Amino acid sequence: MSRLLIVLLSAMLSITAAHADHHIPNLGEKANEFKDDGKKAHKREGMSHAASLIMQRKMHPELLSHKRDKTLRQGVRGGYTQLQKCVDCHTSVDKNGEHIPVNAPDQFCSTCHEKVGVSLDCFSCHRTTPAEDM
Amino acid sequence: MKELNRREFIKNTTVATASVATVASGISLTTFAADPKESDPVTNEKRWGMLIDANKLSEVDIDDMVNACQEEQGWGGEVHSTGDQKSGWIKKVKVRDTATQRVSNLALMCQHCEEPPCVDVCPTNASMKREDGIVLVDKHRCIGCRYCMMACPYDARSFVHEDLTDQKEHMPRGKGTVESCTMCVHKVDKGEQPACAQAVSSDAVIFGDLLDPTSNIHQTLKNVQSTQIRADLNLNTGVRYSGI
């Protein structure tokens, strides 16, 4: 009986592993350039670059919502965490040189958000492409 | 060495003490007067306000103000909204005196009340007043119930009825939320003037800190007769009018 259970469990595990393929999101134009130049994005003080990136991936909603309340309600502007900075770096450009909305299918935000089934409400109000003058 | 008598000793010590005090007060003064940084929260030491002189403001000026506001904040391009559904952050209002038939034109927008009724009625705390007196809608919290639109005596708020794209970077706007004049808070925080005040070349619109005795608006309000619209409601508006 226990042997059967182990076989079953290992079969289930292998299915999960097969699905957990490394899905690399479309980083976006500027972020790709940045990476190609060998620069380290989102590097935090006292943390390795890898740890900083994991922190950024896991904590970006908290970081953004903390900052948004400070900005809107207390008038604290500037700083590192700004949604428009995310958009500036992580949007891609199509063949005609036009910016593709960052929340469009297969773009930076939607790749992961669709995968994990988390809705993305930022862009019902916020601009999805860098400002015109950029 | 010269011997000091009592009188000379006192004189010298007083001078020395006085100079130390001056230095000390000078230091403390510079500490307090240091320019607030971008990263500091706004405080109630300031209260932003505006004075609109209806006598100096022509109809063309008001149109310029409305256009400047649309350009700056990106409203007015809604295609599916009709009539009252259209956004109107700043409006041209004609007032006619029934006895004299005198017509005055007013630019009417959010009056940035000290006691804002919109904030009182908001069930989610989305409608809010910043410490420096600017009344805003926190669209992260707004559920679109529109109580604030009902509560506002100035009809200053609008509701977004359709999906929007290409919003201004500094002014997120979206379907299902209420919006109104922000007194160009993104510019004010950078030390600039609101777009409507900039659009008028004359001094018909003065923007500034109501509490600062050296500011133009404070001085003018001190010398010129001005009024608040619906002053009977005791809302203590930040936007004042003269010549009406």
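For the structure, see preceding data.
Residues numbered from 1 in each chain as written. Chains lettered and ligands numbered in written order. Predicted model: local features only at pLDDT ≥ 70, side-chain atom pairs only at ≥ 80, totals over all residues. Heavy atoms only, no water.

To continue, consider the interface of chain B and chain A. Taken together, the 26 residues of chain B in the interface contact 18 residues of chain A. Together, the buried faces of chain B and chain A total about 2000 Å²; carbon and sulfur atoms form 47% of this surface. The salt bridge partner of Asp138 of chain B is Arg73 of chain A, with a shortest N-O separation of 2.7 Å. Where chain B packs against chain A, one counts eight residue pairs in polar contact (both at pLDDT 80 or more). Where the side of chain B that touches chain A is concerned, the elements lending two or more residues are strand 5 (135-137) and helix 5 (185-188) of chain B. Its residues assigned to classes, the side of chain B that touches chain A comprises eight nonpolar, seven polar and 11 charged. (Contact = heavy atoms within 4.5 Å. Buried area = accessible area lost by both parts, 1.4 Å probe. Salt bridge = Lys/Arg side-chain N within 4 Å of Asp/Glu carboxyl O. Polar contact = N/O pair within 3.5 Å; in protein donor to acceptor, adjacent residues only side chain to side chain. Helix = DSSP H or I, 4+ residues; strand = E, 2+ residues; numbered from the N terminus. Nonpolar A, V, L, I, M, F, W, Y, C, P; charged D, E, K, R; others polar.)

On to a negative patch on the surface, then. Taken together, Glu29, Glu33, Asp36 and Asp37 of chain A make up a surface patch of like negative charges. Within the fold, Asp37 of chain A resides in the loop between helix 2 (29-36) and helix 3 (49-74). (Patch = residues over 30% accessible without salt bridge, like charges linked within 9 Å, V, L, I, M, F, W, Y side chains within 5 Å. Areas by Shrake-Rupley, 256 points an atom, 1.4 Å probe, with all protein chains shown as cover. Lys, Arg positive; Asp, Glu negative; His and termini not counted. Charge placed at Lys NZ, Arg CZ, Asp CG, Glu CD.)

The next thing to look at is the state of the cysteines. Every disulfide links exactly two cysteines, by a covalent bond between their sulfur atoms. For the coordinates displayed, the defined rule picks out zero disulfides over all chains. Left without a disulfide partner, Cys125 of chain A is nearest to the cysteine sulfur of Cys142 of chain B, which lies 8.7 Å away. (Disulfide = S-S within 2.5 Å.)

With that out of the way, let us pick up the nonpolar core. All names here are of chain B. Counting residues in hydrophobic clusters, the biggest one holds 49 residues, and the most contacted among them are Met50, Ile52, Leu57, Met65, Ile90 and Met109. Sorting the residues of this core by element identifies strand 1 (48-53), helix 2 (59-73), strand 3 (103-109), strand 5, helix 5, helix 6 (195-199), strand 8 (205-209) and strand 9 (239-242) as the ones contributing at least two each. Aside from chain neighbours lying at most four places away, what touches Ile90 is Met65, Val66, Cys69, Trp75, Ala107, Leu108, Met109 and Cys196. (Core = buried A, V, L, I, M, F, W, Y, C linked by side-chain atoms within 4.5 Å. Buried < 20%, exposed > 50% of the residue type's maximum accessible area, 1.4 Å probe, protein only.)

As a further point, take helix 5 (residues 108-116) of chain A. All names here are of chain A. Those residues of helix 5 that fall on the buried side of the exposure criterion are Cys109, Ser110, Thr111 and His113. On its buried face, helix 5 sits against helix 3. Directly after helix 5, the chain includes Gly117, whose backbone phi takes a positive value near 70 degrees.

All right, on to the packing of helix 2 of chain A against helix 4 (residues 83-90) of chain A then. All names here are of chain A. Where helix 2 meets helix 4, the axes come as close as 4 Å, and the angle between the chain directions of the two elements is 75 degrees. The orientation of helix 2 with respect to helix 4, classified from their angle, is roughly perpendicular. For the pair formed by helix 2 and helix 4, the contact residues are Glu29, Lys30 and Ala31 on the first element and Asp88, Cys89 and His90 on the second. Classifying every residue of the contact of helix 2 with helix 4 gives two nonpolar, one polar and three charged. (Axes fitted to C-alpha atoms, helices over the stretch in contact; angles between N-to-C directions. Parallel < 35°, antiparallel > 145°, perpendicular 65-115°, else oblique.)

Turning to the pattern of salt bridges, a few remarks are in order. This model, assessed by the stated rule, comprises 17 salt bridges over all chains. With a closest N to O distance of 2.7 Å, Arg130 of chain B and Asp132 of chain B form a salt bridge. The exposure class assigned to Asp132 of chain B is buried, which follows from its relative accessible area of 3%. In this structure, Asp232 of chain B and Arg230 of chain B form a salt bridge, with 3.0 Å as the shortest nitrogen-oxygen distance. Given a relative accessible area of 53%, Asp232 of chain B falls into the exposed group. In the salt-bridge network here, residues are joined through shared partners; they are Arg77 of chain A together with Arg130, Asp132 and Asp189 of chain B.

Residues and elements named next belong to chain B. Mapped onto the secondary structure, Glu78 falls in the loop between helix 2 and strand 2 (90-96). Among the residues examined, Glu78 registers a relative accessible area of 7% and is labelled buried. A polar atom in the side chain of Glu78 sits 3.2 Å from the backbone nitrogen of Gly76. There is a polar contact of 2.6 Å between the side chain of Glu78 and the side chain of Arg173. Ignoring sequence-local partners within four residues, the contact set of Glu78 consists of Lys86, Ser87, Glu162, Leu164 and Arg173.

Before going further, it helps to examine the environment of Val87 of chain A. Along the polypeptide, Val87 of chain A turns up in helix 4. With near-sequence residues (within four places) excluded, Val87 of chain A lies in contact with Val102, Phe123, Arg127, Thr128, Thr129 and Pro130 of chain A.

Within the secondary structure, Thr111 of chain A is located in helix 5. From its side chain, Thr111 of chain A meets the backbone oxygen of Gln107 of chain A in a polar contact 2.5 Å long.

It is worth spelling out the packing of aromatic side chains at this point. The geometry of two aromatic rings is summed up by the distance between their centres and the angle between their planes. Residues and elements named next belong to chain B. Evaluated as defined, the whole model comprises two aromatic pairs over all chains. A centroid spacing of 5.2 Å and a plane angle of 15 degrees characterise the contact between Trp48 and Phe207, whose relative ring orientation is stacked. One end of the pair, Trp48, is in strand 1; the other, Phe207, is in strand 8, and 159 residues separate them in sequence. The buried category is assigned to Phe207, whose relative accessible area is 9%. Centre to centre, the rings of Trp75 and Trp89 are 6.3 Å apart; their planes meet at 10 degrees, and the pair counts as stacked. Taken together, the residues span a long stretch of sequence, with Trp75 in the loop between helix 2 and strand 2 and Trp89 in the loop between helix 2 and strand 2 at a distance of 14 residues. Of the two residues, Trp75 and Trp89, both sit in the buried class. Looking at Arg146, its charged tip hangs above the ring of Phe159, at a distance of 3.7 Å from the centre. (Phe/Tyr/Trp six-rings, centres within 6.5 Å; stacked < 30°, edge-to-face > 60°. Lys NZ or Arg CZ within 6 Å of the ring centre and 35° of its normal.)

Let us now look at the sheet that holds strand 9 of chain B. Residues and elements named next belong to chain B. Spatial ordering of the open sheet is given by 8-1-9, a layout of three strands whose pairing is mixed. On the outer flanks of this sheet lie strand 8 and strand 9, each paired with one strand and no other. The sheet shows a mean angle of 20 degrees between the axes of neighbouring strands, taken without regard to direction. Bridge analysis of strand 1 against strand 9 gives four bridges, and the strand direction is parallel. Considered in strand 9, the bridge of Asp53 is made with Ser242. (Pairing = 2+ DSSP bridges.)

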